[in-house]
Structure formats: structure tokens, C-alpha cells
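Below are the chains, spelled out letter by letter.
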Amino acid sequence: MISQTLKDMLNEQLTRELTASQQYLGMAAYSGAQNLEGWQAFFERQSEEERGHALKIFHFLVEVGAPVKLSALPEVKSEYASLLEATQAALAYEQKVTREFQAMAQAALEEKDHTTYQFLQWYLEEQIEEESLFGRLVALLESGLNPFLAESLLSKGGEK
Ligand SMILES: [Fe+2]
Ligand SMILES: [Fe+2]
């Protein structure tokens, strides 16, 4: 039996995953406006991935019989000072998401809810990849490499 606390936390996370999907779409829009087609495609793939993360939570909530709450999504940015700023924002958001999943896993442990705890493990693993990916992209752009040239490196970093 999943607790009300965890139901609420998962519903909030569902909203945050959909927000992340919107944020990556905003970064795709920014990239497109800069004629960076490769980055646009990369961020669109990230956006789809985040929607997938949201759906995984959605399905879990439905399966355990918890009400799904679809809250309004905040407006997101589609303009950045630079691609570096966009990737830094993405890294910061992913780090925040990791802390949120750790808090949820901790709550599940304290409640001895092993079902939810196990469900959350997939996300904790996924967050290692996400943080690593954006950490590398930030480092790449911080190196001063031209974003147009950096596009050729994206297929490796963007598709897991
Ligand atoms: Fe996610
Ligand atoms: Fe993510």
C-alpha cells in the first residue's frame, strides 16, 4: 500500500518530468533559432525522453491505484544567452531531479515501501547518465569549442 506522502511526491515528480520535457523543448527552440540543427534534434530527443520518464510514473500511479494529478506546467525559457548557458541550466535541473529522487527513495525506505523503492531505482540509475551527459556537454562548451563543430559529437553523447 503506497502512502499518501509518496503518492503526492510521485505526482509532483510527474509534473516535474513534464516540465523537464518542456524545458528541453525550449532549449531545442533556442538551438533551432541559432541554426544549430544538431543541438535542436538532441534537445528534442531529450524532451521525448523526459516525457517517457513522466509516463513511467503515470503508469506506476495508475497500476497502484493512486489518483493521477496533472498540474499546470510552468512557462519555460526558449531563449538563452548562449548554448553553454542552456546546457548549464540543464545540468542544474538534472542535479535537482537527482536530489528529488533520492528524497523519494529515502521516504519509501522509511515507510518500508519496497515496491516504490524498487520503482525509484530505475530513475536513480538514469540520473547518473543524465548528470554525466550534461556534465560532459558543459565541459565541452566551456572548452570554447564552437557549438557548430560540437554537433558532430552529440550523437554519441545524446543517445544512450
Ligand atoms: Fe527525467
Ligand atoms: Fe533528465
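Given the structure is predicted, the values throughout are model-derived calculations rather than measurements.

*Asks:* What's the story with the coordination of the iron ion (ligand 2) in this structure? I'm lost.
*Replies:* Each donor-metal-donor angle in an ideal tetrahedron of four donors is 109.5 degrees, and each such angle in an ideal octahedron of six donors is either 90 or 180 degrees. The protein atoms that coordinate the iron ion (ligand 2) are Glu50 (OE), Glu94 (OE), Glu94 (OE) and Glu130 (OE), at distances of 2.0 to 2.5 Å. Viewed at the metal, the 4 donor atoms of the iron ion (ligand 2) are separated by angles of 54 to 145°, and the geometry they form is irregular. Donor residues binding the iron ion (ligand 2) come from one chain and are separated in sequence as E-x43-E-x35-E. Here the iron ion (ligand 1) and the iron ion (ligand 2) are spaced 3.3 Å from one another, each receiving a donor from glutamate 50.

*Asks:* Honestly, the coordination of the iron ion (ligand 1) in this entry has me stumped. Any pointers?
*Replies:* The protein atoms donating to the iron ion (ligand 1) are Glu17 (OE), Glu50 (OE) and His53 (ND1), with metal-donor distances spanning 2.1 Å. Here the donor residues of the iron ion (ligand 1) share one chain and are spaced in sequence as E-x32-E-x2-H.

*Asks:* Looking at this structure, I do not really get helix H2 (residues 37–63). What am I missing?
*Replies:* Quick reminder: α-helices carry 3.6 residues per turn. Residues three or four places apart thus point the same way. For H2, with 27 residues, the first-to-last C-alpha span of 39 Å sits near the 39 Å given by 1.5 Å per residue. Looking only at H2, the buried set comprises Trp39, Phe42, Phe43, Gln46, Ser47, Glu50, His53, Ala54, Ile57, Phe60 and Leu61. Positive backbone phi, at 75°, marks glycine 65, one or two positions downstream of H2.

*Asks:* When you look at the packing of helix H1 (residues 4–33) against H2 in this model, what are you seeing that I'm missing?
*Replies:* Helix-helix packing is characterised by the crossing angle of the two axes and by the distance between the axes. H2 packs onto H1 with a crossing angle of 165° between their chain directions and a minimal axis gap of 8 Å. What the angle tells us is that H1 and H2 run roughly antiparallel. H1 and H2 meet at a crossing whose hand is left-handed. Along the lines of polarity and charge, the residues of the contact of H1 with H2 split into 15 nonpolar, 9 polar and 5 charged.

*Asks:* Hey, could you run me through the packing of aromatic side chains in this one?
*Replies:* The description of two aromatic rings rests on the distance between their centres and on the angle between their planes. Using the criterion set out here, one finds 11 aromatic pairs in the structure. Here the aromatic rings of tryptophan 39 and phenylalanine 42 are separated by 6.1 Å at their centres, their planes lie at 85°, and the arrangement is edge-to-face. Here tryptophan 39 pairs with phenylalanine 42, and both are found in helix H2, just 3 residues apart, close to one helical turn. According to the relative accessible area criterion, tryptophan 39 is buried, its value standing at 0%.

*Asks:* Before we go on, may I ask you to explain helix H3 (residues 83–110) in this structure?
*Replies:* When the terminal C-alpha atoms of H3 are compared, their 41 Å separation across 28 residues agrees well with the 40 Å that a helix rising 1.5 Å per residue should span. With its phi angle positive at about 55°, lysine 112 sits one or two positions after the end of H3.

*Asks:* I'm lost on the pattern of salt bridges in this one. Help?
*Replies:* Close approach of charged atoms lets side chains of opposite charge pair. By the definition in use, this model includes 3 salt bridges. Close ionic contact of arginine 16 with glutamate 100 constitutes a salt bridge, the shortest N to O distance being 3.0 Å. Of the two residues, arginine 16 is situated in helix H1 and glutamate 100 in helix H3; the sequence distance between them amounts to 84 residues. Looking at arginine 16, the relative accessible area reads 22%, which means it is partly exposed. Judged by its relative accessible area of 14%, glutamate 100 is buried.

*Asks:* Explanation requested: unusual backbone geometry in the structure shown.
*Replies:* Across residues other than glycine, the phi torsion is negative in most instances, and most of the peptide bonds are trans. A positive phi angle, near 65°, is found at asparagine 35, a position not held by glycine. Tracing the backbone through its elements, the reader meets asparagine 35 in the loop between H1 and H2. Judged by its relative accessible area of 59%, asparagine 35 is exposed.

How each quantity is defined
- Residues numbered from 1 in each chain as written.
- Chains lettered and ligands numbered in written order.
- Predicted model: local features only at pLDDT ≥ 70, side-chain atom pairs only at ≥ 80, totals over all residues.
- Heavy atoms only, no water.
- Donors = N, O, S within 2.8 Å, 3.2 Å for Na, K, Ca; no water.
- Tetrahedral: all angles 85-135°; square planar, octahedral: opposite > 155°, others 65-115°.
- Helix = DSSP H or I, 4+ residues; strand = E, 2+ residues; numbered from the N terminus.
- Expected span 1.5 Å × (residues − 1).
- Buried < 20%, exposed > 50% of the residue type's maximum accessible area, 1.4 Å probe, protein only.
- Axes fitted to C-alpha atoms, helices over the stretch in contact; angles between N-to-C directions.
- Parallel < 35°, antiparallel > 145°, perpendicular 65-115°, else oblique.
- Left-handed = near helix turned anticlockwise from the far one by under 90°.
- Nonpolar A, V, L, I, M, F, W, Y, C, P; charged D, E, K, R; others polar.
- Phe/Tyr/Trp six-rings, centres within 6.5 Å; stacked < 30°, edge-to-face > 60°.
- Salt bridge = Lys/Arg side-chain N within 4 Å of Asp/Glu carboxyl O.

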